[in-house]
Amino acid sequence: MAIKGGMTKAELVDEVAKTTQLTKKHAEIIVNTVFDSIVHSLREGEKIELRGFGSFRIRNRGARIGRNPKTGDKVRVPPKRIPYFKPGKELRELLNTPPKG
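Residues numbered from 1 in each chain as written. Predicted model: local features only at pLDDT ≥ 70, side-chain atom pairs only at ≥ 80, totals over all residues. Heavy atoms only, no water.

**Student:** Before we move on, could you go through unusual backbone geometry and cite the residues and values that matter?
**Tutor:** Even without a glycine there, the phi angle at Gln-21 is positive, about 60°. Checked against the element boundaries, Gln-21 lands in the loop between helix H1 (9-20) and helix H2 (24-43). (Helix = DSSP H or I, 4+ residues; strand = E, 2+ residues; numbered from the N terminus.)

This is the structure:
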């Protein structure tokens, strides 16, 4: 399914419902469960690896001194954890081969 401008969560739910022949409510539960599981695992510091698709990890970004763009004043930016997605080899290959048909 190719959608110009991206795919929303609602469109993903519709696609899961259509593909699996489930109700939209059941498809929404499945999509939410997958997303919630990914978020929970990342919060726990775990890496999620989906073979053929890619992996989700957390990168720790240290504290630093930033700059307020409006005033130019220096601002202390606290450390934070940033989610990071690394595509798998199969996904990269699929994206870099011309579509069939």
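**Student:** Got a sec to walk through the side chain of Ser-41? Specific residues and values, please.
**Tutor:** Following the sequence through the fold, Ser-41 ends up in helix H2. Classification of Ser-41 by relative accessible area gives buried; the value is 15%. The residues touching Ser-41, leaving out its near neighbours within four places in the chain, are Glu-46 and Ile-48. (Buried < 20%, exposed > 50% of the residue type's maximum accessible area, 1.4 Å probe, protein only. Contact = heavy atoms within 4.5 Å.)

**Student:** Talk me through the packing of H1 against H2; I want residue IDs and the actual numbers.
**Tutor:** Relative orientation of the contacting elements H1 and H2 amounts to 120°, with a least axis distance of 8 Å. On the basis of their axis angle, the class for H1 and H2 is oblique. Note on packing geometry: the crossing formed by H1 with H2 is right-handed. Seen from H1, the contacting residues are Lys-9, Leu-12, Val-13, Asp-14, Val-16 and Ala-17; seen from H2, they are Lys-24, Ala-27, Glu-28, Val-31, Asn-32 and Phe-35. The class makeup of the residues in the contact of H1 with H2 is 7 nonpolar, 1 polar and 4 charged. (Axes fitted to C-alpha atoms, helices over the stretch in contact; angles between N-to-C directions. Parallel < 35°, antiparallel > 145°, perpendicular 65-115°, else oblique. Left-handed = near helix turned anticlockwise from the far one by under 90°. Nonpolar A, V, L, I, M, F, W, Y, C, P; charged D, E, K, R; others polar.)

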